[in-house]
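Examination of the molecular architecture
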Amino acid sequence: MQKPSPVVPVSPAPERAGVTPVRAAAESRLTAELVSVLSGARRRALRGGDAQVDTAHLLHSLLETDPLVRDVFGGDQRVVRVLGYLVQRSIGYGLRWQATVEDSGSVPAVPVPRDAVDRAVTGWSPQALAAMAGALDRAARNGEPRISGLDLLAALLADRDCRAVEVLERAGADAGTLERRLSRLSDRL
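Read on for a plain summary of the structure. (Residues numbered from 1 in each chain as written. Predicted model: local features only at pLDDT ≥ 70, side-chain atom pairs only at ≥ 80, totals over all residues. Heavy atoms only, no water.)

1. Some words on the overall build of the protein
Condition: Runs of H or I in DSSP of at least four residues are treated as helices and runs of E of at least two as strands, each being numbered from the N terminus. Residue exposure (1.4 Å probe, protein chains only): buried if accessible area is under 20% of the type maximum, exposed if over 50%, otherwise partly exposed. Should any heavy atoms of two residues lie within 4.5 Å, those residues are counted as being in contact. Residue burial considers only the protein chains on display, and all accessible areas are found by Shrake-Rupley using a 1.4 Å probe.
A tally of helices and strands in the protein yields nine helices and zero strands. Each helix and strand of the protein, ordered N terminal to C terminal, gives the series α-α-α-α-α-α-α-α-α. Evaluated residue by residue, the protein yields a buried proportion of 43% over its 189 residues. Counted over contacts in the protein with a minimum sequence separation of 6, partners at least 24 positions apart contribute 66%. Looking at the protein as shown, the accessible area adds up to about 10300 Å², and 55% of this sits on carbon and sulfur atoms.

Right, here's the structure in full:
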């Protein structure tokens, strides 16, 4: 007669690499459009060989995916200029960012994972996490159960030291002007 196998308690599934409580909470409250934005940002970071998803990845994906976000920019010409600048990051100025973590100093710095050498995307920059937290807060203040692209854009614009705002400034788009347009558009919705 065979002995019965011992019962081994099963622990909960480990968290996915790079999934923090803030990010997990945010992902559960996303609109379908924003799910697409975040997926695009992750793919863009991976393709670009970046250690983490940063705010410029989020901005790039927002502009490509969300028509309401594009409306904030006040015309296709401005959107095209910003997108052109974002594309350049992978072939020029952005190369200096690949081995670094975006950190404006407003949130604690997170070290780049050792496996970043193999260019695996293992998480998000502190600024991208802060933007998601800001988008969660904005949606809650507006009584919305889901985070929209406009919520994320507002959070990106609020951090004047993040890479997304740096990209906007280099492309000639003023963050303050965009915030005012966003506010007017949000009031109409």
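Don't stop here, the text continues.
2. What to know about helix H8 (residues 163-170)
Among the residues of H8, those classed as buried are Arg163, Ala164, Val165, Val167 and Leu168. The elements touched by buried residues of H8 are helix H3 (55-65), helix H5 (76-88), helix H7 (149-158) and helix H9 (175-188). Trailing H8 by a residue or two, glycine 172 shows a phi angle of about 85°, which is positive.

3. Here's the deal with the environment of proline 145
In this fold, proline 145 is placed in the loop between helix H6 (126-141) and H7. For proline 145, a relative accessible area of 59% puts it in the exposed group. Distance from proline 145 to leucine 30, taken between C-alpha atoms, is 8.6 Å for residues 115 residues apart in sequence.

4. Quick look at the nonpolar core
Definition in use: As used here, the term nonpolar core means buried Ala, Val, Leu, Ile, Met, Phe, Trp, Tyr and Cys residues forming a set that is joined through side-chain atoms within 4.5 Å.
Of all hydrophobic cores here, the largest spans 47 residues; its most connected members are Leu59, Leu63, Phe73, Val82 and Leu152. When contributions to this core are tallied by element, the ones reaching two or more residues are helix H2 (32-48), H3, helix H4 (67-72), H5, H6, H7, H8 and H9.

5. Examining the environment of histidine 57
You can see histidine 57 is positioned in helix H3. On a C-alpha basis, the gap between histidine 57 and glycine 40 in space is 8.1 Å, while along the polypeptide they are 17 residues apart.

6. Some words on the packing of H7 against H9
Geometry of a packed helix pair, given as the angle between the helix axes and the separation of the axes. The condition is simple: Axis angles are defined between N-to-C directions and span 0 to 180 degrees, where every axis is a line fitted to C-alpha atoms and, for a helix, only to the segment in contact. Orientation is classified from the angle alone, with under 35 degrees giving roughly parallel, over 145 giving roughly antiparallel, 65 to 115 giving roughly perpendicular, and any other angle giving oblique. Rotating anticlockwise by less than a right angle from the far helix to the near helix defines a left-handed crossing, while the corresponding clockwise rotation defines a right-handed one. For this classification, the nonpolar set comprises Ala, Val, Leu, Ile, Met, Phe, Trp, Tyr, Cys and Pro, the charged set comprises Asp, Glu, Lys and Arg, and every other residue, Gly included, is treated as polar.
At their nearest, the axes of H7 and H9 sit 10 Å apart, and the two run at 150° to each other. Overall, the two elements H7 and H9 adopt an arrangement that is roughly antiparallel. You can see that H7 and H9 cross each other, and the crossing is left-handed. For the pair H7 and H9, contact is made by Leu150, Leu153, Ala154, Leu157 and Ala158 and by Ala175, Leu178, Glu179, Leu182, Leu185 and Ser186, respectively. Broken down by class, the residue content of the contact of H7 with H9 amounts to nine nonpolar, one polar and one charged.

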